[in-house]
Amino acid sequence: MKMVTAVIKPFKLDEVREALSAIGVQGITVTEVKGFGRQKGHTELYRGAEYVVDFLPKVKIEAAIKDDMLDQVMEAIEKSANTGKIGDGKIFVFDLQHVVRIRTGETGADAL
Amino acid sequence: MKKLNSLLVTTVLLFGVAFAGATLAQDNAASALSGAASATAAVPILATPAVESVAATATPAAAPVPNKGDVAWMLVCTAMVLLMSVPALALFYGGLVRSKNMLSVLMQVFVTFSLVTVLWVIYGYSLAFTEGSGVLSKFIGGTDRLFLNGIANVATGEFAMAATFSKGVVIHEMLFAAFQATFAALTCCLILGSVAERMKFSAVLLFITLWFTFSYLPIAHMVWFWMGPDAYSDPSLVEGLNAKAGYLWQMGALDFAGGTVVHINAGVAGLVAAYMLGKRIGYGKEAMTPHNLTMTMLGASLLWFGWFGFNAGSALEAGNSAVLAFMNTFLATACAVLAWTFAEWMLKGKPSMLGAASGAVAGLVAITPAAGNVGIPGAFAIGTIAGFVCLWGVTGLKRLLKADDSLDVFGVHAVGGIVGALLTGVFVSPALGGPGFVTDWVTASTGFTSISAQVWIQAKAVGIAVVWSGVVTAVALFIVKMVVGLRVSEDDEREGLDITSHGETAYNN
């Protein structure tokens, strides 16, 4: 099993969700986050005061999937979240050791 | 608990004294009313025919009756100036602070407004708008109207009348006192923008009491107190009547609705207070982003609306002067919005909402002393110039001053007020489309001397207001510092004044 974490542009969330649903991903977790990468921040000006905003708002999605779906999932996210401009985000993949579905007590791949 | 008890006792005592005083005032009301009708020297206020007194058996011509249109207009204007403070100014300021200090700003404005209104009725009105005695009479009024004593006998329905700027036109003196109360309260609220996010609530209340008493009241008296047009019935009286007026009025300073009394006065107090309080923790290092510019826009717009009451209402009647002031207030503000917006767009790259809202306030401030004193050309010029100059006031000038004037009270109100006061001296000229001013109150004829002479008079008035307000603010804050201290603790400031000073939070999702 794999845990796929992707940090994407907030307005791309719906497209990514649709793409993941289309290939059969059963559920994702979404978090609003802030961060910086190569896109850097921007400056805001309030009368005489100039503030550099280092952290930009992004959306982080997490999906737990079976090993055989990894390539499809990666491709779906990559395509749907892509704008071609700096700041599109990144995908991180981890090995997932264990899963439990709380309601039924199922474990492992059955719980996904 | 002990603190609470002593607070309770103080409050009860205060109200006890106030009630006793007010009752006394009512008892004296009737006698004061009839007294005012006969003895001209004792007339405490602007008005000559101070009474609409049936008992005085005056001929109808001698006791002008207020016009219902004027009265209705001034009642509405008074309520509109209240709207300028709560909620307009509170929202304008509140949106500019961090969310952790939102309620403290709203609360300071709300309570300051109420405090000054109460003080106004107790002694403020009397000291500002009655005739003083001795050498001090140019600077401060007398005590005839403490607790609004003698302003009306509500039992018999006799109301004293206050003069306007037209002979034979009067409004209820009680209405005039209410209208002016809102000015005093608003002015005190303006200062709060400079000290936002760090001043102790108790220090705010004590400071406002001192500043209102020793800066607002004398300056209002100096600029606005005179004996009223009806008193000038004969050329032989002119000198004696002029001598009873306020110092700056005698000098010939023009301030239609309070450029000097309200904006320069408050703006300078704000700057001095910002210096004396010191900078907010993290100023210049941490981001102090306005937490809700939507509210700031809403506040600025309500200010614009309410300002029609402030400026056009300062004509004291619904006539030519009010209409002129209304249009000028409308136009100059729009000019200032455009000036600020385009200047910011060119110089800083983007036209911002905060810039447009600030431009509106700058224009409103600058047209205040000029409202009924200039024509349409003056409104164009004053609004546009104020937009540019105040933008510099909150950027270049602010950097030079090195004070943490949190919400730019000095940069907008003092700078805008000075621009307006000086340019009033220019555009009052009939050659530049202005109305000139009354040179002889006996015949109520208007004229004009010269732009340079009038600008010089305006400049002297500005200088006196700047020094007076600055000194009073410094002394008052020094006293407050000794008594209760000026700032909240460092930890409290970091956590935010909403929770630490008021025990609540503005936004609970």
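This one's a predicted model, so the numbers in the text were calculated from it and none came from an experiment.

### Considerations on the overall build of chain B
Thinking step 1. Along its length, chain B carries 17 helices and six strands.
Thinking step 2. In chain B, which comprises 509 residues, the share counted as buried stands at 57%.
Thinking step 3. Considering only contacts in chain B between residues 6 or more positions apart, those separated by 24 or more positions represent 76%.

### A few points about the overall build of chain A
Thinking step 1. Helix and strand counts for chain A come out as two helices and six strands.
Thinking step 2. Start at the N end of chain A and walk to the C end: the helices and strands fall as β-α-β-β-β-β-α-β.
Thinking step 3. At 17 Å, chain A has a C-alpha radius of gyration far larger than the 13 Å of a compact globule built from 112 residues.
Thinking step 4. By its C-alpha atoms, chain A is 60 × 30 × 20 Å across when sized along the principal axes.
Thinking step 5. Counting the 112 residues in chain A, one finds 17% classified as buried.
Thinking step 6. Looking at chain A alone, contacts between residues at least 24 apart form 70% of all its contacts between residues at least 6 apart.

### Thoughts on the nonpolar core
Thinking step 1. Counting 166 residues, the largest nonpolar core has B:Tyr93, B:Leu303 and B:Ile382 as its most contacted members.
Thinking step 2. Excluding anything up to four places from it in sequence, B:Tyr93 contacts B:Val105, B:Val109, B:Leu192, B:Gly193, B:Ala196 and B:Leu407.
Thinking step 3. Counting 14 residues, the second-largest nonpolar core is a separate cluster that includes A:Val4, A:Val16, A:Ile77 and A:Ala81.

### Side note on the interface of chain B and chain A
Thinking step 1. Across the contact, 13 residues belong to chain B and seven residues belong to chain A.
Thinking step 2. Breaking the side of chain B that touches chain A down by element, the ones donating at least two residues are α11 (353–367) and α13 (396–401) of chain B.
Thinking step 3. Tallied by class, residues from the side of chain B that touches chain A come to five nonpolar, four polar and four charged.

### Quick look at the packing of helix α1 (residues 13–22) of chain A against helix α2 (residues 70–80) of chain A
Packed helix pairs are characterised by how far apart their axes lie and by the angle those axes make with each other.
Residues and elements named next belong to chain A.
Thinking step 1. Viewed as axis vectors pointing N to C, α1 and α2 meet at an angle of 150°, and their least axial separation amounts to 9 Å. Comparing the axis directions of α1 and α2 gives the class roughly antiparallel. In the crossing of α1 with α2, the sense of the turn from one axis to the other is right-handed. In contact with Glu15, Val16, Ala19 and Leu20 of α1, α2 contributes Val73, Ala76, Ile77, Lys79 and Ser80.

### Concerning the pairing of strand β5 (residues 437–440) of chain B
Residues and elements named next belong to chain B.
Thinking step 1. Across three bridges, β5 lies against strand β6 (residues 445–447) in antiparallel orientation. Each residue of the ladder has a partner; that of Phe437, found in β6, is Gly447.
Thinking step 2. Hairpin connection between β5 and β6: a loop of four residues separates the two successive antiparallel strands, and Ala444 in this loop has a positive phi of roughly 55°.

### Side note on the packing of helix α2 (residues 68–96) of chain B against helix α3 (residues 102–129) of chain B
All names here are of chain B.
Thinking step 1. As a packed pair, α2 and α3 sit with axes 9 Å apart at the nearest point and diverge in direction by 150°. Accordingly, the angle class assigned to the pair α2 and α3 is roughly antiparallel. Where α2 crosses over α3, the two elements pack in a sense that is right-handed. Of the residues in α3, those touching α2 at Ser85, Val86, Leu89, Ala90, Tyr93 and Gly94 are Met102, Val105, Leu106, Val109, Phe110 and Phe113.

### Overview of the sheet that holds strand β6 (residues 89–95) of chain A
Residue and element names in this part refer to chain A.
Thinking step 1. Here we have four strands laid out as an open sheet, ordered β2-β5-β1-β6, and antiparallel in their pairing. The open sheet is flanked by β2 (29–35) and β6, the only strands paired with a single partner. The sheet shows a mean angle of 20° between the axes of neighbouring strands, taken without regard to direction.
Thinking step 2. Sheet topology places strand β1 (residues 2–8) next to β6; seven bridges connect them, and they run antiparallel. Looking at β6, one finds that Ile8 is bridged to Gly89.
Thinking step 3. Across the sheet, α2 is in contact with β1, β5 (56–65) and β6; its angle to β6 comes to roughly 165°.

### Here we look at unusual backbone geometry
Residue and element names in this part refer to chain B.
Thinking step 1. Residue Val86 is joined to Pro87 through a cis peptide bond whose omega torsion reads 10°.
Thinking step 2. Phi is positive for Asp408, close to 60°, though the residue is something other than glycine.
Thinking step 3. Structurally, Asp408 can be placed in the loop between α13 and α14 (409–427).
Thinking step 4. A tally of 29 C-beta atoms within 10 Å means that Asp408 is categorised as buried.

### Notes on the environment of B:Thr424
Residues and elements named next belong to chain B.
Thinking step 1. By the element assignment, Thr424 lies in helix α14.
Thinking step 2. Along the primary structure Thr424 and Asn373 are separated by 51 residues, whereas in three dimensions their C-alpha atoms are 6.8 Å apart.
Thinking step 3. Apart from residues no more than four positions distant in its own chain, Thr424 is found in contact with Leu254, Pro369, Ala370, Asn373, Val374 and Gln458.

### Brief notes about the confidence of the model for chain B
Residues and elements named next belong to chain B.
Thinking step 1. Here chain B averages 91 in pLDDT, while 88% of its residues score no lower than 70.
Thinking step 2. When the criterion is pLDDT under 50, residues 29–60 qualifies, and its contacts beyond four places in sequence or with other chains add up to 81 contacts.
Thinking step 3. Listed scores for the predicted complex are pTM 0.86 and ipTM 0.73.

### Focus: helix α8 (residues 259–277) of chain B
Residue and element names in this part refer to chain B.
Thinking step 1. For α8, built from 19 residues, the straight-helix expectation of 27 Å at 1.5 Å per residue is met to within 8% by its first-to-last C-alpha distance of 25 Å.
Thinking step 2. Extensive coverage of α8 is indicated by the burial of 17 of its 19 residues.
Thinking step 3. Gly278, located one to two residues past α8, shows a positive phi value of around 85°.

About the thresholds
- Residues numbered from 1 in each chain as written.
- Chains lettered and ligands numbered in written order.
- Predicted model: local features only at pLDDT ≥ 70, side-chain atom pairs only at ≥ 80, totals over all residues.
- Helix = DSSP H or I, 4+ residues; strand = E, 2+ residues; numbered from the N terminus.
- Buried ≥ 20, exposed ≤ 12 C-beta atoms within 10 Å, placed from the backbone.
- Contact = placed C-beta atoms within 7 Å.
- Rg over C-alpha atoms; globule rule 2.2 N^0.38 Å.
- Core = buried A, V, L, I, M, F, W, Y, C linked by C-beta atoms within 7 Å.
- Nonpolar A, V, L, I, M, F, W, Y, C, P; charged D, E, K, R; others polar.
- Axes fitted to C-alpha atoms, helices over the stretch in contact; angles between N-to-C directions.
- Parallel < 35°, antiparallel > 145°, perpendicular 65-115°, else oblique.
- Left-handed = near helix turned anticlockwise from the far one by under 90°.
- Pairing = 2+ DSSP bridges.
- pLDDT = per-residue confidence, 0-100.
- Expected span 1.5 Å × (residues − 1).

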